[in-house]
Amino acid sequence: MGAQGSDGTREATPVWVAVPAAGSGARMGAGIPKQYLPLAGKPLAEHTLAALLAVAQLRETVVAIAPGDPHWPALAPALRARVRVVDGGATRAASVANALRGFSRRPDPGDWVLVHDMARPCVRPGRIAAMLRELDADPVGGLLALPLADTLKRADAAQRVAATVPRDALWRAQTPQVFRFALLERALDEALASGEEITDEAMAIERLGLQPRLLPGSEDNIKVTRPEDLALAEYHLARQGAQS
Ligand code: C5P
């Protein structure tokens with residue numbers, strides 16, 4: 001849906017970035033939220049922001065942080081200078097909705113909004129660029145995801161197997177998730193008003209009866225959740241550095 005330029009070439013659709021970073025990271029048990037833990041010599045969030053700030057059609061980046069977050073000011077000033085900050089909400093969906101209201105001007109309805117977890121520091125800028133090309137004229141948007149490799153079991157209350165769930169056609173959702181601005185804004189507002197638990201942006205879009213595209217992600221785009229994930233993220237970053 002890029003606009004036609006005066007020389008006949010198509011201009012790429014503007015991209016606005018929203019980063020939920022207001023979680024407490026309770027599963028990490030580290031005392032400070034996981035997005036600020038040291039990773040390969042700098043705070044985890046600096047890796048994530050550097051990857052996002054490399055997006056070619058980037059208009060603006062808004063980060064939703066916990067109100068009064070004491071760790072944010074310790075991030076590199078050069079990175080902080082390139083993003084806007086808003087207060088996050090009680091849920092991830094509320095944090096993203098706040099971020100959408102934090103842009104310095106209202107994006108056009110058809111502009112892309114790219115949502116990416118601060119807790120995924122290994123996302124590759126090249127994959128983001130390819131994802132935006134793949135979605136190009138899509139009226140809705142899509143997300144990176146991985147087909148399930150393991151056999152899935154549903155447990156009963158005694159933690160015994162109640163059923164094996166067929167895994168064909170099941171995917172694990174990652175971020176980035178990229179949607180048209182007007183759709184995402186309406187989807188999140190309606191989802192939040194419903195009181196349902198919304199665990200990603202795609203779920204809010206699905207509630208509108210729309211079908212986000214699934215685009216293959218990669219195993220290295222991990223969400224740092226547990227203490228052992230930090231070493232894994234460090235390994236992936238080192239490997240990516242060696243390949244570039
Ligand atoms: O908790 P989880 O790992 O699912 O969080 C995913 C992302 O959402 C993290 O970057 C976290 O900081 C963010 N989040 C948020 N506001 C909340 C809860 C989580 O911005 N209320």
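The model shown is predicted, which means the values in this text are computed figures rather than measured ones. (Residues numbered from 1 in each chain as written. Predicted model: local features only at pLDDT ≥ 70, side-chain atom pairs only at ≥ 80, totals over all residues. Heavy atoms only, no water.)

Q: Pulling in residues and values, what's your account of the site of the ligand?
A: The ligand sits among 15 residues. The nearest are Pro-20, Ala-22, Gly-23, Lys-34 and Ser-95. Between the ligand and Ala-21 there is a distance of 3.2 Å, counted from an oxygen atom to a backbone nitrogen or oxygen. Between the ligand and Ser-95 there is a distance of 2.7 Å, counted from a nitrogen atom to a side-chain nitrogen or oxygen. For the ligand, whose accessible area on its own is 460 Å², the fraction buried by protein is 84%. Counting only elements with at least two residues in the shell around the ligand, the list comes to β1 (15-21) and α3 (92-100). Of the residues that constitute the shell around the ligand, the class distribution is 6 nonpolar, 4 polar and 5 charged. (Near = heavy atom within 4 Å. Polar contact = N/O pair within 3.5 Å; in protein donor to acceptor, adjacent residues only side chain to side chain. Areas by Shrake-Rupley, 256 points an atom, 1.4 Å probe, with all protein chains shown as cover. Helix = DSSP H or I, 4+ residues; strand = E, 2+ residues; numbered from the N terminus. Nonpolar A, V, L, I, M, F, W, Y, C, P; charged D, E, K, R; others polar.)

Q: Describe the pattern of salt bridges, with residues and values.
A: The full count for this structure, using the stated rule, is 11 salt bridges. Note that Asp-117 and Arg-92 form a salt bridge whose closest N and O atoms lie 2.2 Å from each other. Linking Asp-117 in the loop between β6 (112-115) and α4 (125-135) with Arg-92 in helix α3, this pair joins segments that are 25 residues apart in sequence. Overall, Arg-92 belongs to the partly exposed group, its relative accessible area being 23%. (Salt bridge = Lys/Arg side-chain N within 4 Å of Asp/Glu carboxyl O. Buried < 20%, exposed > 50% of the residue type's maximum accessible area, 1.4 Å probe, protein only.)

Q: Any chance you could break down the environment of Ala-149 for me, citing the residues and the numbers?
A: Relative to the helices and strands, Ala-149 is located in the loop between β7 (141-147) and β8 (152-155). Separated by 22 residues in the primary sequence, Ala-149 and Trp-171 place their C-alpha atoms 9.0 Å from one another.

Q: Explain the nonpolar core to me, using residue names and the numbers behind them.
A: Leu-49, Val-63, Trp-72 and Met-118 are the most contacted members of the largest nonpolar core, which has 29 residues in total. Elements that contribute at least two residues to this core include exactly β1, α1 (44-52), β4 (58-65), β6 and α4. Setting aside chain neighbours within four positions, we find Trp-72 in contact with Tyr-36, Leu-49, Val-63, Ile-65, Arg-80, Val-83, Val-85 and Met-118. Among the nonpolar cores identified, the runner-up in size contains 27 residues, and Ala-18, Val-115, Val-140 and Leu-183 belong to it. (Core = buried A, V, L, I, M, F, W, Y, C linked by side-chain atoms within 4.5 Å. Contact = heavy atoms within 4.5 Å.)

Q: Just give me the short version of the side chain of Glu-46, but keep the residues and values in it.
A: Along the polypeptide, Glu-46 turns up in helix α1. The buried charged residue Glu-46 lacks any salt bridge, with Lys-42 as its nearest oppositely charged partner at 5.2 Å. With near-sequence residues (within four places) excluded, Glu-46 lies in contact with Leu-75, Ala-76 and Leu-79. (Lys, Arg positive; Asp, Glu negative; His and termini not counted.)

Q: Could you give an account of the environment of Asp-87, naming the residues involved and the relevant values?
A: Tracing the backbone through its elements, the reader meets Asp-87 in strand β5 (residues 84-87). Relative accessible area serves as the criterion here: at 45%, Asp-87 is assigned to the partly exposed category. Apart from residues no more than four positions distant in its own chain, Asp-87 is found in contact with Ile-65, Pro-67 and Asn-98.

Q: Break down the environment of Glu-60 for me, with residues and values.
A: Summarising the element assignment, Glu-60 is placed in strand β4. On the basis of relative accessible area, Glu-60 is assigned to the buried category, the value being 16%. Between the C-alpha atoms of Glu-60 and Phe-179, which are 119 residues apart in sequence, the distance is 15 Å. The contacts of Glu-60, once residues within four sequence positions are left out, are Val-15, Trp-16, Val-17, Arg-84, Phe-103 and Ser-104.

Q: Explain helix α7 (residues 227-243) to me, and be specific about the residues and the numbers.
A: Its 17 residues place the ends of α7 26 Å apart at the C-alpha level, agreeing with the 24 Å of an ideal helix rising 1.5 Å per residue. Buried residues along α7 sit in contact with β2 (38-39) and α1. (Expected span 1.5 Å × (residues − 1).)

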